Amino acid sequence: MWWGGRGQSFNIAPQKEEPEMGPSAPKSVQGSGMPEPGSRQLGSCLASGCLPGEQVLAWAPGVRKGLDPELPGTLICTNLRVTFQPRGWQRSQETPLSSEYDFALANIGRLEAVSSLSRVQLHRPGSLLKFIPEEILIHGRDFRLLRVGFETGGLEPQAFQVTMAIVQARAQSSQTQQYAGITLSEAGRSAGSRTPPIPLLETSEDWETERKKQAASGWRVSLVNERFDVATSLSRYFWVPIRTLDSEVRRAFGHFHQGRGPRLSWHHPGGSDLLRCGGFYTASDPNKEDIRTVESMLQAGHSDVVLVDTMDELPSLADVQLAHLRLRALCLPDSPVAEDKWLSALEGTRWLDYVRSCLRKASDISVLVTSRVRSVVLQERGDRDFNGLLSSLVQLLSAPEARTLLGFQSLVQREWVAAGHPFLTRLGETGVSEKAPVFLLFLDCVWQLLQQFPAEFEFSEFFLLALHDSVRVPDTLTFLRDTPRERGKQNGQFNSCTQVYTPGYSQLPTGNSVDPQLSVWDWDLRYSNKQILQFRNPGYDPKYCPDSWLPRQQPSFMVPRPPSSVWLFSRGALTPLNQLCPWRDSPSLLAVPSRWLPRPAISSESLADQEWGLPSHWGACPLPSGLLLPGYLGPQIRLWRRCYLRGRPEAQMGLSAPTITGLQDELAHLQELLRKWTPRISPEDHSKKRDPNSQSR
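The notes below deal with the structure included here. (Residues numbered from 1 in each chain as written. Predicted model: local features only at pLDDT ≥ 70, side-chain atom pairs only at ≥ 80, totals over all residues. Heavy atoms only, no water.)

**A closer look at the pairing of strand 5 (residues 108-114)**
Heads up, the rule is: Exposure categories follow from relative accessible area, calculated using a 1.4 Å probe and restricted to protein chains: below 20% of the type maximum is buried, above 50% is exposed, and the middle band is partly exposed. To qualify as a helix, a DSSP run of H or I must reach at least 4 residues; to qualify as a strand, a run of E must reach at least 2; elements of each kind are numbered from the N terminus. Pairs of strands are assigned from DSSP output, requiring at least two bridges between the strands.
Extensive coverage of strand 5 is indicated by the burial of six of its seven residues. Looking at chain direction, strand 5 and strand 7 (residues 135-140) are connected through six bridges and run antiparallel. The residue bridging Val-114 from the neighbouring strand is Glu-135, located in strand 7. Strand direction decides the pairing type here: strand 5 and strand 6 (residues 119-121), joined by three bridges, are antiparallel.

So this is what it looks like as C-alpha cells:
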C-alpha cells in the first residue's frame, strides 16, 4: 500500500497452464528450462502464504528501482496480483493478507517493458514483445509505480516470461469472477468470534442502534426491502418517517428512479433532517394518494422543506472520469509536460475545480441543515453517486463525531457501501461511459478538509491513503461489488432475493452455515499495529467530542417553525416553490423578481457569504460552533501530492513526515546537510551577505 518494511510470501500452487509466449518469443526463451512453479528453486525464494485460490504463474529475480538504496528481491505474477517480494523478507503473521508491494491485476493501468534500445507498452494478450526486457514499469491506477530491473547471467528468459504472464493475467482477470473476497476462516479467524470494527448495517439491529445513536425519534427502521423487491440497489433496511406504513413506503418508492425513494441520511442534533432520494417520475399523477405520501415523507414532519438539485454546478460522471485520467497522465514520471507549464496543465485537468465545486456545495448545504429546523432533501437521478458524496461531506462539516476514526468509517459504510454506490462499475473494467472515480473525488475533498482543519479530525492522511489504495484489493468485497444484494449473495447471507423473512427478525435461519467475508475495515489483517497507529492524527484536538458538542435541542440558534414553505436550492441560492411534487416542472417556480432568485453560475460567494435570502420573519441565525466552513478559492484547494505523486519520488521532497519520530529523522537529516554545506561559506562571506554596504566596497 504505502509503507515499507513488510513483506509477502506465497504458497507455490501447481500451474495449470504455462503462459503463452507467442510467436514473438526469442528462441532463447522457448524451452529455456525456467523452473516450474512447484520446483525447489522457486520454493527456496518464496515461503508459504498464498491467498485462497491464488496460483503463481511466473516469477523472476530483480531489483526494485526508484528507492534509495535499491531493493533486491523477486517479482511474482499470480492469477490475482503482481507483487515484489524483497529478498529475505518473511510474511508477518499479524498481517497475512496484503503487502505494500502488491498490485491487484485490476489496478494495473499501464505496463511498459524497457531495454537499452526499446521501450514498448503492453496492453493486450496479443501484444508483441520482441526483446527480453531489462526493466518493466507497472503504473497503478492508484498512482503507485512499481519499477523492477531484471538480473542478468542466464535468467533473462524468466524476465520475458514474467512480463508476458502479467500481460495475459491482467487481460484474463475478471473482478466479478476471480475477486470473490476472503472469508474469516480463510484468513484464520473464527466466524463465531467475529466482531466487526464498525456496524456493517447488514441487520435491522444495526440500523436501529445507529438510529438511536442519532436520536432520530421521528424515524424508524423499515423492513419493506428485506427481499430487495422494492429497490435492488438499496440496502435491506433504511429509515423512514415513523408514521409512514411500509405499504405506503412501497407505493411511494415506486415513483422514484430505481425505487430509491426519500429516506433519512442523517438527523442533526438540533432537529433538522438530511434526506436523499432518486429522481422523481414527473409523469406521476399529482392527485394520487401515493403522491401525498411522497410529500409527507419529504416533509418528514417539518414545515420547512428545502429540495436540493444535487447535480447543479457539479461535474457529470464523464467529466470526473476524464479529469482523473488527465490527472493520472500528468502525474506519471514520464509526463511530457515541461516543469514551467506543469501547474497550468494541472488546472487544465479540471480535477481541482471539481473538488472545489463539491466542497462549495457541501458547505452551502451544511448551512441549510444547521441554521434552522427543516427537512433538506438531496435529489439526484440515480441517488448513488453525488448524493452520497454531498451527504458525507455535510456530516463531516456539521458533526464532530463523523470526524473521528470510527465515525468516519461508519459514515462511509452507511452513505456509500450500504447505500449502493456502484464501486465495481465506477472503478472496475466496465464500459467507459459508466466509469467515474466519484469515491476517490470524495477522499480528495476529505483530504482538503484535513489540511484546512488539522485539529478537527481524529484520522490522518495515511488513513485516507490506506482507504484510497483499498478500492481495488482482491481480499474484500466492500469495494468490489455494486450493491449490498451482490455482497450478500457472495457472502452466503441469502441464496435468493425471493427468500421469505420473518418481519423484525434479521438473523439468518438456524442451520445456515455462513462464513462471513472480510470487510475493508478489518485493518488488523492487512496492516501491522504500528501502521494502524499512524491512522490517528497526533494533532487531533477532541474539544468538540460528540458527548459534549451540542444538546439535542438548540433554541439559541434554532428559530420557531415558520409558515409552511417549500424551497428549491439551486445554483447557490434559494427559490420558493408552490408545490413539492413534481419539483422539476418549471411552472412550479414562482416567477417573481426577488433577491432569492439563483445567482450567476460562476461566483465566489457561498450561501454563508451572502445576505440570507430568506423571509425576514425567520430572524437572524447564528451558526453553531461545531460547523466547519472550508475555503475553496485559489490556493486554498491543493494537490494531494503524497497520493498523486507517489510515482515521482523527487516530488515527495518537502512533505512532512507522518509521525514525531519521522519528523525527528527529517530534522536530523537536514541538520546533517546543513553541517555539510556550512563550511563552503566562510564567516567573511557570510558577514558580507548580511552587510548591504559590503557590495559597494
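On we go.
**Details of the packing of helix 10 (residues 386-398) against helix 13 (residues 438-452)**
The criterion, for reference: Axes here refer to lines fitted to C-alpha atoms; in helices the fit is confined to the stretch in contact. Angles between the N-to-C directions go from 0 to 180 degrees. Roughly parallel here means an angle under 35 degrees, roughly antiparallel means over 145, roughly perpendicular means 65 to 115, and every remaining angle is called oblique. Crossings are sorted by hand: turned counterclockwise from the far helix by less than a right angle, the near helix makes the crossing left-handed, and turned clockwise it makes it right-handed. Contacts are assigned to residue pairs with any non-hydrogen atoms lying within 4.5 Å of each other. For this classification, Asp, Glu, Lys and Arg are treated as charged, while Ala, Val, Leu, Ile, Met, Phe, Trp, Tyr, Cys and Pro are nonpolar and the rest, including Gly, are polar.
Between helix 10 and helix 13, the least distance of the axes is 10 Å, while the angle of their chain directions is 15°. It follows that helix 10 is roughly parallel to helix 13 by the angle criterion. When the axes of helix 10 and helix 13 are compared, the crossing they make is right-handed. Seen from helix 10, the contacting residues are Phe-386, Leu-389, Ser-392, Leu-393, Leu-396 and Leu-397; seen from helix 13, they are Val-438, Leu-441, Phe-442, Cys-445, Val-446 and Leu-449. Looking at the contact of helix 10 with helix 13, its residues break down into 11 nonpolar, one polar and no charged.

**Concerning the nonpolar core**
Quick reminder of the rule: Take the buried residues of types Ala, Val, Leu, Ile, Met, Phe, Trp, Tyr and Cys, join any two whose side-chain atoms come within 4.5 Å, and each joined set is a nonpolar core.
Core analysis: the largest hydrophobic core is formed by 84 residues, its most contacted members being Leu-393, Phe-408, Phe-439 and Phe-442. The residues touching Phe-408, leaving out its near neighbours within four places in the chain, are Leu-396, Ala-402, Phe-442, Leu-443, Val-446, Phe-459, Phe-463, Leu-464 and Leu-467.

**A word on the sheet that holds strand 3 (residues 81-86)**
An order of 4-3-2-1-8-7-5-6 is seen for the eight strands of this open sheet, with the pairing classed as antiparallel. For this open sheet the edge positions go to strand 4 (102-104) and strand 6, each flanked by a neighbour on one side alone. Each strand axis lies, on average, 25° off the axis of its neighbour in the sheet, ignoring direction. Inspection of the sheet shows strand 3 paired to strand 4 by three bridges, in the antiparallel sense. Bridged to Val-82 within strand 4 is Phe-103. Relative to strand 1 (residues 56-64), helix 2 (residues 156-172) is tilted by about 125°, and along the sheet it contacts strand 1, strand 2 (71-78), strand 3, strand 5, strand 7 and strand 8 (145-150).

**Some words on the sheet that holds strand 12 (residues 273-277)**
With respect to topology, six strands assemble into an open sheet ordered 11-12-14-13-15-16, the strand pairing being mixed. Of all the strands in the sheet, just strand 11 (263-267) and strand 16 (573-577) have a single pairing partner and so form its edges. Each strand of the sheet is rotated relative to its neighbour by a mean of 25°, with strand direction disregarded. By the bridge criterion, five bridges tie strand 15 (residues 565-570) to strand 16 in an arrangement that is antiparallel.

**A closer look at the environment of Leu-396**
If you trace the backbone, Leu-396 turns up in helix 10. On the accessibility criterion, Leu-396 (0% relative accessible area) is buried. The sequence separation of Leu-396 and Ser-366 amounts to 30 residues, and the corresponding C-alpha distance is 9.3 Å. In contact with Leu-396, not counting residues within four places along its chain, are Ala-402, Arg-403, Phe-408, Leu-411, Phe-442, Val-446, Leu-449, Phe-457 and Leu-628.

**Describing unusual backbone geometry**
Excluding glycine, most residues fall at negative phi; most peptide bonds, likewise, are trans. Even without glycine at this site, Ala-300 takes up a positive phi of about 50°. Here Ala-300 lies in the loop between helix 6 (289-299) and strand 13 (304-309). Residue Arg-350 is not a glycine yet carries a positive backbone phi of 70°. Of note, Arg-350 is situated in the loop between helix 8 (342-348) and helix 9 (351-371).

**Remarks on the pattern of salt bridges**
The cut-off we apply is this: Only one rule defines a salt bridge in this text: a Lys or Arg side-chain nitrogen within 4 Å of an Asp or Glu carboxyl oxygen.
For the structure on display, the rule yields 29 salt bridges. Among the charged side chains, a network of salt bridges with common partners joins Glu-210, Arg-260, Arg-263, Arg-276, Asp-383, Arg-414 and Glu-415.

**Focus: the packing of aromatic side chains**
Heads up, the condition is: Stacked, tilted and edge-to-face pairs are distinguished by plane angle, under 30 degrees for stacked and over 60 for edge-to-face with tilted covering the rest, among Phe, Tyr and Trp rings (Trp via its six-membered ring) whose centres lie within 6.5 Å. Both a distance and an angle decide whether a charge sits over a ring: NZ of Lys or CZ of Arg must be within 6 Å of the ring centre and within 35 degrees of the ring normal.
For the structure shown, the criterion picks out 23 aromatic pairs. Directly above the aromatic system of Phe-103 lies the positively charged group of Arg-144, at a separation of 4.3 Å from the ring centroid.

**What about helix 4 (residues 204-213)?**
The condition is simple: Within this analysis, the arc is defined by the directions that extend from the helix axis to the C-beta atoms.
Within helix 4, burial applies to Ser-204, Trp-207, Glu-210 and Arg-211. Projected down its long axis, helix 4 shows its buried positions confined to an angular sector of 125°, all on one face. What points out from helix 4, more than 90 degrees from its buried face, is the exposed set Thr-209 and Lys-212. Residues of helix 4 that are buried in the fold lie against strand 9 (219-222), strand 10 (238-241) and helix 11 (405-417). Where helix 4 ends, the next residue or the one after it, Ala-215, has phi of about 55°, a positive value.

**Focus: the side chain of Lys-361**
The cut-off we apply is this: In this tally, Lys and Arg are treated as positive and Asp and Glu as negative; His is ignored, and so are the chain termini. Residues adjacent in sequence count toward polar contacts only when both atoms are side-chain atoms; beyond that, a polar contact is any pair of N or O atoms within 3.5 Å, and within protein one must be able to donate a hydrogen and the other to accept it.
Residue placement: Lys-361 occurs in helix 9. Although Lys-361 lies buried, it forms no salt bridge, and the closest oppositely charged side chain, Asp-312, sits 4.1 Å away as judged by the N-O distance. Reaching out from Lys-361, the side chain makes a polar contact with the backbone oxygen of Asp-312 at a distance of 2.8 Å.

**Quick notes on the packing of helix 13 against helix 14 (residues 461-469)**
Between helix 13 and helix 14, the shortest axis-to-axis distance is 10 Å and the interhelical angle comes to 175°. In terms of axis orientation, helix 13 runs roughly antiparallel to helix 14. Across the interface between the two elements, Phe-439, Leu-440, Leu-443, Val-446, Trp-447 and Leu-450 of helix 13 pack against Glu-461, Leu-464, Leu-467 and His-468 of helix 14. When the residues that make up the contact of helix 13 with helix 14 are grouped by side-chain class, the tally is eight nonpolar, one polar and one charged.

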